[in-house]
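Residue-level structural notes
What follows is each chain in one-letter form.
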Amino acid sequence: MLPPEPGRRLQSLDTSIPAGHRGAAQPGQRARTPLVQRAACWSARHRKAAVLGWCGLAGAAFLAGQVLGTHSLPQYDPGQAGQGEQILRQLDVVTPPAESVLIQPRGHAAAGLTFADDPHMQQAARQVAAALQALPAAAQDISAPGPVEISSKTAGDPRAGPASEAGGSAASLVSVDGGSALVTFRVAGPHADADATVAADQAAVARVQAAHPDLIVAEAGGASADAAASALLASDFHMAELTSVPVTLILLLVVFGALIAAGIPVLLAGSAVTGTISLLAICSRWLPIGSGTAEVVLILGMAVGVDYSLFYLRREREERAAGRSAADALQVAAATSGRAIVISGLTVLISLAGLLLSGIDLFTGMAVGTMVVVGVAVAGSVTVLPAMLALLGDWADRGRLPFLGRRTAARPSQLWAALVNRVVRHPLAWGGTAAIAMLALAAPALGMRVGNPVIDLPGNLPVVQTLERISLAFPSRPAPAEVVVTGRDLTGPGVQRAVIALEHRASASGPVRGPITEAAVAGDRALIIDVPLAGSGSDSVSDNALDRLRSQVLPETLGKAGGVSFAVTGSTAVNHDWSATLHSRTPLVLSVVTGLAFLVLLISFRSVWLPLISVGLNLLSAGAAYGLITLIFQDGRLQGLLGFTSYGAIAQWVPLFMFVFLFGLSMDYHVFILSRIRERRARGMGTPDAITSGIAASAGVVTSAAVIMVAVFSVFATLSFVDVKTLGVGLAFAVLVDATVVRGILVPAAMTLLGERSWYLPGWLAWLPGRQLDWTG
């Protein structure tokens, strides 16, 4: 059974700690213990209640998530494009997904033959059309080339928009060279079930393919691509789960050398992630929680959950190894690492909250999910972790491994001490060289281009390969802009004259091209006008044409009809509005995040220069990470090693999302390192000695935490989607830089150059809270 001694001693935990770790009292007042220490005291005294309560809350969250399920609100694109999408959804206007079945000779088996003279291709087309015709619940609006008669063509969805007629003329379904043919249709049934419904269509096409091995008979389209993406995302998420936990546990075994001690951080981080993902099922009823949020929550939750537990646990073990009792060791860990965890968690929460200012639904869901998991991880680290340590006592060191199972000694790192000593003696040379190297690495980021690929899926997927073959055989113009028009009387003469005026603005050389088509939807409550634009659909010519359409052409035509409103959406508008929103909101997010983080550190360390150093070095680390992902993913380096194909840009959502991640996570190391330095200075050391001693003393735990976090983030780089790979490589590299160059060179160089001014706080800021928080120990 467990030894009772630690529990008995913890009955008086809040009074057994040396006075230096408790809050300083004013004359005549009783010293007040800070909240983090009081929480640790309570949890340790009521350890069974704290552990059972945590398990109960995690179990309740899991059951609630299973019972309620995830019902995410729809995510709309930013800007006017998203407004158009929202209007169409409110009117219940849904265009069934379009699918195409490509039929062409395999290799050179039928060189010189065309669809018109190849009976095998004609037979395959007839068989595909017949197989789809036999699935009225899965396929509608079937169109096939040549004399393929479809006698029982399913009626289109009455709610469908103007694109509900799939296919086109028989001639348009045969390529210009005659060597390829298409059978087109739309997926029947509810739009929400299209990913599942299309599986029946794919199975029917696969049977035809099996009967014609000399031909390519392959299906691709919106629903099949979405189904492939969903399956791949689920597979990636499962692989991330199977990879991150064992890797983390192995690294913790190396750090602690004992199975139980290594399992504690994994258990707490895993419970935080599981509880958060379950809680998101409740949040999804009011917030747009996307399918990728759980993947991000898993990686971030494991990283910060393990890090926070590791910092706390290592400090407790160091204090015990230094001769403190179990009670005193827990109290010191709460006063130092526990407080640093709260400060670090607060800065991470502030950084992630900056995403809420972006005005982008995708970021809202991710911000909420990651903020919840960080908050849960912090709460667990300062409550249930002390309870578990008090409950386990010496059992935490059980399960020791050969050669590794030695109790962690509170010895400073000689290697890091030697490096920092050199930096302290020559701060300008070392710091200047490191800063120049970081700036050189960040330089490629000045040429970063953001954008999305035409097909946002890995190129090795069959559906992507089929889409590329269709694009080569049937080159087409970019998708037109969609003008969604609503008003009181859309069939009246004023609106009709405006539409005719809009059609007259089309020209072969102007920004607006023809033909312009219109269709009434939702019982004449809305019009959808398709307006072809100049350019490729994603270049500056198309963006300028879109601006002209929105700012001049539409106001001068539809704008004069009176009683109508309009919004322009479509693929060109979506990409344009994403870029415009990010361009306008990014400065706001950066200023709010850096400003609030500065205030938190100002209050925590009661210094002006330390927050400035931290913020400046975080920005430098983020710049270096941006430069690296630009070199790799935009310029196409290491494609074979990382398994991706560059499309010449960085995904639009990655830079801002990566910044808030990095800014928050980098604060982990800054806070813990500065905390150790502050402790030494509070004991009377000079700033140079405090820098060397603090960094050397924290070297083991910071290095261990960094290695674990880099390993967890590297899981991202092994997944399938190029934007997720980009995020993983950038995060892992930035953490590595923070834990080496920034910690070992830039922080000590900057503080040495400032000297005692590092602790400067103007007199007019003396009113700031935080004076009562003492770091001595």
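So, here is what we can say about the structure in this document. In this text the structure is predicted, and so the values were computed from the model without any measurement. (Residues numbered from 1 in each chain as written. Predicted model: local features only at pLDDT ≥ 70, side-chain atom pairs only at ≥ 80, totals over all residues. Heavy atoms only, no water.)

Brief notes about the sheet that holds strand β2 (residues 139-143)
Each strand in a sheet pairs with its neighbour through backbone hydrogen bonds, running either in the same direction (parallel) or in the opposite one (antiparallel). Taken in spatial order, the four strands line up as β2-β3-β1-β4 in an open sheet, and their pairing is antiparallel. Among the strands making up the open sheet, the edge pair consists of β2 and β4 (215-221). Ignoring strand direction, the axes of neighbouring strands in this sheet form an average angle of 20°. Bridge analysis of strand β1 (residues 98-105) against strand β3 (residues 181-187) gives six bridges, and the strand direction is antiparallel. Counterpart to E99 in the pairing with β3 is F185. Docked against the sheet, helix α6 (residues 119-133) engages β1, β2, β3 and β4, running at close to 155° with respect to β1. Sheet strands in contact with helix α7 (residues 194-211) are β1, β2, β3 and β4, and its direction is about 175° off that of β4. (Pairing = 2+ DSSP bridges. Helix = DSSP H or I, 4+ residues; strand = E, 2+ residues; numbered from the N terminus. Axes fitted to C-alpha atoms, helices over the stretch in contact; angles between N-to-C directions. Contact = heavy atoms within 4.5 Å.)

As for the pattern of salt bridges
If you walk through the whole model with that rule in mind, you get ten salt bridges. A salt bridge links R320 to E316; the nearest nitrogen and oxygen atoms lie 3.5 Å apart. Remark: E316 and R320 occur in helix α10 (residues 293-321); sequence separation between them is four residues, near one turn of the helix. Judged by its relative accessible area of 4%, E316 is buried. Close ionic contact of R637 with D635 constitutes a salt bridge, the shortest N to O distance being 3.4 Å. The partly exposed category is assigned to D635, whose relative accessible area is 41%. Several salt bridges share partner residues, and in doing so they unite R315, E319, R324, E679 and R680 into one network. (Salt bridge = Lys/Arg side-chain N within 4 Å of Asp/Glu carboxyl O. Buried < 20%, exposed > 50% of the residue type's maximum accessible area, 1.4 Å probe, protein only.)

Details of the sheet that holds strand β5 (residues 481-487)
Here four strands make up an open sheet; going across it, the order is β6-β7-β5-β8 and the pairing antiparallel. Edge strands, defined here as strands with exactly one partner in the open sheet, are β6 (517-521) and β8 (564-569). The sheet shows a mean angle of 20° between the axes of neighbouring strands, taken without regard to direction. Where β5 lies against strand β7 (residues 526-531), six bridges are found, and the strand directions are antiparallel. Directly across from V483, in β7, lies its bridge partner I529.

Considerations on the pairing of β3
Among the seven residues of β3, seven are classified as buried, and the element is accordingly described as predominantly covered. Bridge analysis of β2 against β3 gives three bridges, and the strand direction is antiparallel. When the sheet's bridge partners are listed, S143 is paired in β3 with T184.

Some words on the packing of helix α4 (residues 47-68) against helix α9 (residues 259-283)
It is at 8 Å that the axes of α4 and α9 come closest, and there the two elements cross at 35°. Considering only the axes of α4 and α9, their crossing is left-handed. In contact with W54, A61, F62, A64, G65 and L68 of α4, α9 contributes L268, S271, T274, G275, S278, L279, A281 and I282. Of the residues assigned to the contact of α4 with α9, the class counts are nine nonpolar, five polar and no charged. (Left-handed = near helix turned anticlockwise from the far one by under 90°. Nonpolar A, V, L, I, M, F, W, Y, C, P; charged D, E, K, R; others polar.)

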